Amino acid sequence: MKNRIPTQLALFLTFIVLLGSSGGQLIPRKTDKPEYRDFTSSGGKTIKALLIDKTEDTLTLKLPNGNTAILSYEKLSKEDQEYVKEWDKEKALFLTQCKTLTIRELLEIRGYESFQFIIKGNHIFVEGELNGNKSQFMIDTGAGSTVLHIEAAKEKGCKVGPLDQKIFGIGGEAPAALTEVPEIRLGQAFIKDQVLLAADMFKDIPGARKNYDAILGAEFMSKMRAVISYKEGRIFFRPDLIGNNDEIEVPEAPEYRFFKTKDRKTYKGKISKKNATSIELGIEGQKKNLTLPIGRLTDEDQKYITDWSPQREIFLRQCRGLTVKDILELRKYQSFEYKRMGNHIFVDGTLNKKDTLFMIDTGAFSTVLDAKWAKDAGCQVGPMDQTVYGVGGKAPAAITQVPSLTMGKAKFENRQLLSIDLFKQLGEAGGARPYGAIFGADFMRETDAVITYREKKVFLQPD
């Protein structure tokens, strides 16, 4: 059945131009040293050791000389008993053995399909197909629904109806047409037989290059359980779980797998070692390992070997229970549970110490404030002598001096942002909305943000 869209769709897209931006960086590949600590016995004696395992009644300690000791809980001080009760083996193994894995590796292990996105200005774009034709899409969490550029929709064989609908944006309202879309595809992720809106998304924007065909909104991101990582410049999807509300689990890894050579020989084994040109396989049922040149193996097995690492193996076998939230928080990300209003996502923060609700908008080039809210928060709002562009055309804006803006521990001080009347042009379709600012791509890049749709969280690195 085709999904119909309400006639009055409040599609809030922001294309804000502001001064400068900061680039994202790849995750540093650091390994934490094992956490040897002082354990004190109930009698007051102290030893330095590493906790490596526990049961309901006992704990296993590794000593600096490599020996191990098994103790009962009651032999420890009350403080150390509490430490052992809180200790989590999976998290400890991750921190000491798996922290070199990147977010991309960890999510792909969990079955996600990943795409490198392109950053133009502060907007993020991915390559895909619209009705079987190569297309470029902008990812916009601030857009409640996916919307097509009307010229691209016609050129790529979508059935475009009359311009008798309306959408609303920063520049006001714009005419739109109900459009039958056979398929939108990104890799293995796709939606089929949808009725979406198409509009002239570049109308009245000076020098518009019309270099993308559609905006993928929050409803598409939710279906795909998307994860957006600014740090690695990638977006991740789980298209195999559309319509499945179960928790995502890492697939259990068999101890042995089949390796096939180009001359059709097969070996059942597991990787013990690898170098640039060969692997050493532990063969099932044999004591002696087998060494094979990587070039002899099939392309599929060569890719498996390229991706394989001891850290991935430990994660698959001993850290499978960790969630995406666990993994990011262990990497010192701060998490915020976002609120859903329609398809938009919001998080709490402050503007100049005034409690403020922020809309998270990857399609917004820069963070932008509601002018009235900024004034009420004590920010210095200048004259409305600037211009911003978006759906519906252009709107006046004011340069605004912001002493501080915070979201948890992430703090931005002495910034110059733009303020506009965020709600003036939304009319009856949008209504008054209880948020004071849009948290745009500039600050998300600066804090290496990660947005997870499954866990409904935004993660920032405040340092």
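Just so it is clear, the model here is predicted, and its values are computed rather than measured. (Residues numbered from 1 in each chain as written. Predicted model: local features only at pLDDT ≥ 70, side-chain atom pairs only at ≥ 80, totals over all residues. Heavy atoms only, no water.)

**Side note on the confidence of the model for the protein**
Chain-level pLDDT for the protein is 82 on average; 83% of the residues reach the 70-or-more range. Per-element confidence in the protein is highest for strand 27 (residues 380-381), whose mean pLDDT is 96, and lowest for strand 1 (residues 8-9), whose mean pLDDT is 34. Between residues 1-32, whose pLDDT stays under 50, and residues either more than four places distant or in other chains, the model counts 115 contacts. (pLDDT = per-residue confidence, 0-100. Helix = DSSP H or I, 4+ residues; strand = E, 2+ residues; numbered from the N terminus. Contact = heavy atoms within 4.5 Å.)

**Points about empty space enclosed by the protein**
Using the criterion set out here, one finds one cavity of 30 Å³ or more in the structure. Forming the walls of the largest cavity are Ile 103, Leu 106, Leu 107, Val 324, Ile 327 and Leu 328. Contributing elements (two or more residues each) for the lining of the largest cavity: helix 3 (103-109) and helix 8 (324-330). Broken down by class, the residue content of the lining of the largest cavity amounts to six nonpolar, no polar and no charged. (1 Å grid on protein atoms, 1.4 Å probe; cavity = no way out; pocket = protein on both sides within 12 Å on 5 of 7 lines; lining within 4 Å. Points joined across faces, edges and corners; volume = space filled by probe spheres on them. Nonpolar A, V, L, I, M, F, W, Y, C, P; charged D, E, K, R; others polar.)

**Description of the nonpolar core**
The nonpolar side chains of a soluble globular protein tend to be buried, and buried together. Core analysis: the biggest nonpolar cluster contains 57 residues, and Ile 184 and Phe 237 have the highest contact counts within it. Counting 14 residues, the second-largest nonpolar core is a separate cluster that includes Ala 364, Val 368, Val 388 and Leu 418. (Core = buried A, V, L, I, M, F, W, Y, C linked by side-chain atoms within 4.5 Å. Buried < 20%, exposed > 50% of the residue type's maximum accessible area, 1.4 Å probe, protein only.)

**A look at the pairing of strand 17 (residues 234-237)**
Judged by which residues are buried, strand 17 turns out to be covered on both faces: Arg 234 and Phe 236 on one side and Ile 235 and Phe 237 on the other are all buried. Bridge count between strand 6 (residues 113-116) and strand 17: four bridges; the pairing is antiparallel. By the bridge assignment for strand 17, Ser 114 is matched with Phe 236. In terms of strand pairing, strand 16 (residues 227-229) meets strand 17 through three bridges, oriented antiparallel. Bridged to Ile 228 within strand 17 is Ile 235. (Pairing = 2+ DSSP bridges.)

**So, the packing of aromatic side chains**
Inspection of every chain in the model, using the stated rule, returns 14 aromatic pairs. Between Phe 346 and Tyr 435, the aromatic rings sit 5.2 Å apart at their centres with planes inclined by 50°, giving tilted as the arrangement. Of this pair, Phe 346 sits in strand 24 (residues 344-351) while Tyr 435 sits in the loop between helix 10 (427-430) and strand 31 (437-439); the two residues are 89 residues apart in sequence, bridging distant segments of the chain. For Tyr 435, a relative accessible area of 2% puts it in the buried group. By the ring-pair criterion, three or more aromatic residues cluster together here, those being Phe 358, Phe 412, Phe 439 and Phe 443. It is Arg 37 that lies over the ring of Tyr 83; its NZ or CZ is 3.8 Å from the centre. A cation sits over an aromatic face here: Lys 354 above Trp 373, 4.7 Å from the ring centre. (Phe/Tyr/Trp six-rings, centres within 6.5 Å; stacked < 30°, edge-to-face > 60°. Lys NZ or Arg CZ within 6 Å of the ring centre and 35° of its normal.)

**Focus on the sheet that holds strand 2 (residues 37-40)**
Read from one edge of the open sheet, four strands run 2-3-4-5, paired in antiparallel fashion. The open sheet has two edge strands, strand 2 and strand 5 (68-72), and neither has a second partner. The average angle at which neighbouring strand axes cross in this sheet is 55°, direction not considered. Taken together, the five bridges between strand 4 (residues 58-62) and strand 5 define a ladder with antiparallel strand orientation. Residue pairing for strand 5: Leu 61 is matched across the bridge by Ala 69. Contacts from helix 1 (residues 78-86) reach strand 2, strand 3 (46-54) and strand 4, with the element oriented near 125° to strand 2. (Axes fitted to C-alpha atoms, helices over the stretch in contact; angles between N-to-C directions.)

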